[in-house]
Amino acid sequence: MERENIYEGKNMALFEEEMDSNPMVSSLLNKLANYTNLSQGVVEHEEDEDSKRKEIKAPRMGTFIGVYLPCLQNILGVILFLRLTWIVGTAGILESFIIVFMCCTCTMLTAISMSAIATNGVVPAGGSYYMISRSLGPEFGGAVGLCFYLGTTFAGAMYILGTIEIFLTYISPSAAIFHSEDVEGENGAMLNNMRVYGTCTLALMAMVVFVGVKYVNKLALVFLACVILSILAIYAGVIKTAFDPPNIPICLLGNRTLSKRNFEVCAKTQYINYETVTTPLWALFCNSSNLNATCDEYFSQNNVTEIQGIPGIASGVIRENLWSAYAEKGMYVEKQGIFSSSGSEETKTSGLPYVLTDIMTYFTMLVGIYFPSVTGIMAGSNRSGDLRDAQKSIPTGTIMAIVTTSFIYLSCIVLFGACIEGVILRDKFGEALNGKLVIGMLAWPSPWVIVIGSFFSTCGAGLQSLTGAPRLLQAIARDGIVPFLQVFGHGKANGEPTWALLLTALICEIGILIASLDSVAPILSMFFLMCYMFVNLACAVQTLLRTPNWRPRFKYYHWTLSFLGMSLCLALMFICSWYYALFAMLIAGCIYKYIEYRGAEKEWGDGIRGLSLNAARYALLRVEHGPPHTKNWRPQVLVMLNLDSEQCVKHPRLLSFTTQLKAGKGLTIVGSVLEGTYLDKHQEAQRAEENIRSLMSVEKTKGFCQLVVSSSLRDGMSHLIQSAGLGGMKHNTVLMAWPESWKLSDNPFSWKNFVDTIRDTTAAQQALLVAKNIDTFPQNQERFREGHIDVWWIVHDGGMLMLLPFLLRQHKVWRKCRMRIFTVAQMDDNSIQMKKDLQMFLYHLRISAEVEVVEMVENDISAFTYEKTLMMEQRSQMLKQMQLSKNEREREAQLIHDRNTAAVARTKAAATPEKIQMTWTKEKLTSEKHKNKDTNVAGFRDIFTLKPNQSNVRRMHTAVKLNGVVLSKSQDAQLVLLNMPGPPKNRQGDENYMEFLEVLTEGLNRVLLVRGGGREVITIYS
């Protein structure tokens, strides 16, 4: 009644049954429209996280505040203020333009790909890591997430180093702890100062982040204001130089720039109180202040001149700055175009006030140093959880921010080159300006606007990195894909990632101990480029696969753009530094393999899985045409398992044997049949399939499981043999266990089913392997220290017998076993020649084995055989009444033997002198059949007369004789492989056939009966 009330008036009575599992559309829409931070579409993947994440109030930030400004603040950073002028001076305007354009193109293409991914469904909190991992799967997601994390952490180190450099070089040089007199030592002292101050700053920042992120967020606007004011001050300064250039004199000796830290007046002598006196500059180059003192040769030969450091935008200095001026480490910063008479090469320059280059410069190195200044494009997507409409805001805000910053960078390059003298641009630490910031001298109204502004902006960027990186690590840890990171998922009660912050601070400290901004920047470039490369890859893969779920709102993307972006990222990685690139790839590769090997199984419907499916489909279509060449033939096995009443596997060793035979190669299908109808048995079928899969994983059997529910076991097995596999990936061999209890009438897997299955495999032209005494076969952990694998080669049916021991010996269990091949010769065969031929054949096959030819002497059919045959026939119901005395039996046996001898004599007298050979080829087999037609026809006619049948007695004779020979030779073999004779054409003889096989294999420990599929599987040709 209650149910009826629920659906009353809804006109949905037809769907009442469905309502339990499938909600009504109206209620679903209501839930979806009012989603909070997490979309309902990803709830099933994020169940654990849901409980951990606090419900955030309705997302509130728009595009401008939420995406545009954070991106702007992150992109415009330390490199712009501290290194851009130096890059322009060293590489020249044209090459700098190329560097910046390449990097900005790279980030723009990445932003387009990122926009497509971000607008394909609601992006929950987690930003870039979430997008990549859900698009490319857990392995790539984890690898890229950790790369992005390392990049962000090193970015924190770079910003802190930038902050300290501004503080120690331009704000308070006197605060330095370490000092040095000579130029060489000065660099070292500076690096040590950076290390000490950097470590203190890092500790302070980590404390601030630990105490509360809300303070960082409150300060963010202040820092952003600093950045924007600084940029405006630069543009204002450039405009001012057009009509009123600032007076900033630079002192040159010949064409070499002099550092103004130790002197004020730029002249050799001064005229004071009507007399010429030497200046402090003279004292630096000469051994005394007298006019007749001995001076430095270059100082004596060249004049001291003064030029304007910032001649202004109208001065035409842009022509000089167009071209590059790369230099080795320790070279003089020289003004081009000025003549200087170079004296003999000085041996000692230390102590002289020249401006020298501190590192060797070249194009690719500058790319590595510059690239971090365009990173930061993910800042908006990382805040995806706080946006009012992430799908609309992320593309618009990010792309607008990249356009703005690209314009700022490109215009700054041209303006710096047009306003500032080249020697000043190349003077990295502003020594010719008495230790002032070059870009600051250009700004208006005061240099301090830039110095203070850049100090606070780098400080803020450092804090942002230290806030963002631990959260990213926490997100990766909580996903549970990298087991050893689980500890970093925990934090304070309010969800702040304490442990992750600690790790971040430690990694950041590594960057600070490197201490040089120019060395840290390329490391950071690698990790960011790696991350951007995978964002592009994710977009390209999804677009090319045309996954039904790939429906981004952002339409202005194309796979070619993503592919171009990916290629550009890869190229930039190797341009920056090929060894760093290889190292970063190695780290990412190790993480990828680790997650693949150890990580939790996650199914995120990712693109790589889609790619695998596409590749599999393509490969299957390729291998569809025709059977494989003999060289490529390997047993693709269908394993027939029997289940007990509890749906557990009866003979688990069958799977162990499969694993040993396959060694992980080729196709394995594990099949089983449940009796009944699918509607009734589908839950049992599911349970059985789970049991089989778990056993497969225990036995390390790599393959597929296929379970069929059928009205009878017989039909089910026939269906499996016909339809298992797909396209070219079909089985060619069936492996099954011998029905040990076939003589018991209550056995469900009766001998009839077994014989019919043999017939099915023969009809399907598939090989058949029957393992007898399967429960005594070795497990995968066992190792045979010695022993033999014996092959009894009686009939040639494609060479399966040769191939199987070879394949088994690839596995550790059988590796120490030696292979022996026995073949059977009859009276008139030349056994010596047979042995030679066989050895030659094996030599050509490249298989090493001992060879033995066993002679089967034609002798009387013993009374034992006769008795066996009779017992066999007695068992069949039609002959229950039959009773013969022993004398009659022996007489009958003698009579049959006489007939046989007479038949042989007749054959010898005929034109074909060939005798029945035990090692048959297909042709011999057919000719044999024709020869014995008469006797066989007679035999079939009276197969169930009161006397034992002649053909049965002959078959039993073969079985007994062969069994005796095999026992004498292979009693102690670890495994015996035998040709399996085919079942009789007349179905009434099926039970007799089982008896023959039983007699043939009696007394042997482990037996594998092999029946070839009628095609060659082994070749002597390469």
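Residues numbered from 1 in each chain as written. Predicted model: local features only at pLDDT ≥ 70, side-chain atom pairs only at ≥ 80, totals over all residues. Heavy atoms only, no water.

Q: If you had to explain the overall build of the chain to someone new, which residues and values would you point to?
A: Each helix and strand in the chain was counted, giving 34 helices and 15 strands. Taking all 1022 residues of the chain together, 52% fall into the buried category. Of the accessible surface of the chain, which amounts to about 48400 Å², a share of 58% is contributed by carbon and sulfur atoms. (Helix = DSSP H or I, 4+ residues; strand = E, 2+ residues; numbered from the N terminus. Buried < 20%, exposed > 50% of the residue type's maximum accessible area, 1.4 Å probe, protein only. Areas by Shrake-Rupley, 256 points an atom, 1.4 Å probe, with all protein chains shown as cover.)

Q: Give a description of the nonpolar core that names residues and reports values.
A: Judged by nonpolar contacts, the single largest core of 167 residues is most densely connected at Met158, Ile250, Tyr370, Phe371, Tyr409, Phe416 and Ile420. Per-element accounting of this core gives the leading share, 23 residues, to helix H7 (residues 127-171). Of all hydrophobic cores here, the second largest spans 52 residues; its members include Leu643, Leu695, Ala737 and Val851. (Core = buried A, V, L, I, M, F, W, Y, C linked by side-chain atoms within 4.5 Å.)

Q: Tell me about the pattern of salt bridges, and name the residues and values.
A: When their charged atoms lie close together, side chains carrying opposite charge are able to pair. All told, the structure shown has 18 salt bridges when counted by the stated rule. Between Lys335 and Glu320 there is a salt bridge; the shortest N-O distance is 2.9 Å. A residue pair is termed long-range when its members are at least 10 positions apart, and Lys335 in the loop between strand S5 (304-308) and helix H12 (363-370) and Glu320 in the loop between S5 and H12 qualify at 15 residues. In this structure Lys335 comes out as buried when scored by relative accessible area, which is 9%. Residue classification places Glu320 among the partly exposed residues on the basis of a relative accessible area of 38%. The partner of Glu850 in a salt bridge is Arg818, and the shortest N-O contact between them spans 3.5 Å. Residue Glu850 is located in strand S13 (residues 850-855), and its partner Arg818 is located in strand S12 (residues 818-825); the two are separated by 32 residues in the primary sequence. Under the relative-accessibility criterion, Arg818 is labelled partly exposed at 47%. A single salt-bridge network, built from bridges that share partners, covers Arg83, Glu165, Asp358, Lys428 and Asp518. (Salt bridge = Lys/Arg side-chain N within 4 Å of Asp/Glu carboxyl O.)

Q: Mind laying out the state of the cysteines, listing which residues take part and the relevant values?
A: Using the criterion set out here, one finds two disulfides in the structure. Between Cys286 and Cys295 runs a disulfide, and the two sulfur atoms are separated by 1.7 Å. Disulfide Cys286-Cys295: torsion about the S-S bond near 105°, hence right-handed. Judged by relative accessible area, which is 8%, Cys286 ranks as buried. For the unlinked cysteine Cys103, the closest cysteine sulfur is that of Cys104, found at 6.8 Å. Looking at Cys103, the relative accessible area reads 0%, which means it is buried. A disulfide-free cysteine, Cys147 has its sulfur positioned 7.7 Å from the sulfur of Cys531, the nearest such atom. For Cys147, a relative accessible area of 1% corresponds to the buried category. (Disulfide = S-S within 2.5 Å.)

Q: So what's going on with the sheet that holds strand S14 (residues 975-979)? Residues and values would help.
A: Strands belonging to one sheet form pairs held by backbone hydrogen bonds; the direction of such a pair is parallel or antiparallel. Judged by pairing direction, the sheet is mixed, and its ten strands sit side by side in the order S8-S7-S6-S9-S10-S15-S14-S11-S12-S13 without closing on themselves. On the outer flanks of this sheet lie strand S8 (704-710) and S13, each paired with one strand and no other. Neighbour to neighbour, the strand axes of the sheet diverge by 20° on average, direction disregarded. Running at roughly 170° to strand S6 (residues 637-641), helix H23 (residues 653-662) makes contact with S6, strand S7 (668-675), strand S9 (733-737), strand S10 (767-772) and strand S15 (1007-1011) of the sheet. (Pairing = 2+ DSSP bridges. Axes fitted to C-alpha atoms, helices over the stretch in contact; angles between N-to-C directions. Contact = heavy atoms within 4.5 Å.)

Q: Explain helix H20 (residues 559-576) to me, and be specific about the residues and the numbers.
A: Every α-helix carries 3.6 residues per turn, so stepping three or four residues along brings you back to the same face. Between its first and last C-alpha atoms H20 spans 26 Å; for 18 residues at 1.5 Å apiece the expected length is 26 Å, and the two agree. Of all the positions in H20, only Ser562, Gly565, Met566, Leu568, Cys569, Leu572, Met573 and Cys576 are classed as buried. For H20, the buried positions fall inside an angular range of 165° around the axis, keeping them on one side. (Expected span 1.5 Å × (residues − 1). Arc of directions from axis to C-beta.)

Q: Break down empty space enclosed by the protein for me, with residues and values.
A: Going through the model one piece at a time under the given rule, you end up with seven cavities of 30 Å³ or more. Reported here for the largest cavity is a volume of approximately 70 Å³. For the largest cavity, the full set of lining residues is Glu320, Asn321, Trp323, Ala325, Lys335, Gln336, Glu421, Gly422, Val423 and Arg426. (1 Å grid on protein atoms, 1.4 Å probe; cavity = no way out; pocket = protein on both sides within 12 Å on 5 of 7 lines; lining within 4 Å. Points joined across faces, edges and corners; volume = space filled by probe spheres on them.)

Q: For the sheet that holds S5, give the residues involved together with the corresponding values.
A: Taken in spatial order, the three strands of this open sheet run S2-S1-S5, and their pairing is antiparallel. Lying at the two open borders of the sheet, with one neighbouring strand each, are strand S2 (256-257) and S5. Of the pairings in the sheet, the one linking strand S1 (residues 249-253) to S5 comprises five bridges and is antiparallel in character. By the bridge assignment, Leu253 is partnered in S5 with Val304.

Q: So, the side chain of Arg759: which residues are in play, and what are the values?
A: Here Arg759 is to be found in helix H26 (residues 751-763). With relative accessibility at 16%, the residue Arg759 sits in the buried group.

Q: Explain the packing of aromatic side chains residue by residue, including any values.
A: Considering all chains together, one arrives at 25 aromatic pairs under this definition. Measuring from centroid to centroid gives 6.4 Å for Phe371 and Tyr532, while their planes differ by 55°, and the two rings are tilted. One end of the pair, Phe371, is in the loop between H12 and helix H13 (379-382); the other, Tyr532, is in helix H19 (residues 517-545), with 161 residues separating them in the sequence. For the pair Phe371 and Tyr532, one class covers both residues: buried. (Phe/Tyr/Trp six-rings, centres within 6.5 Å; stacked < 30°, edge-to-face > 60°.)

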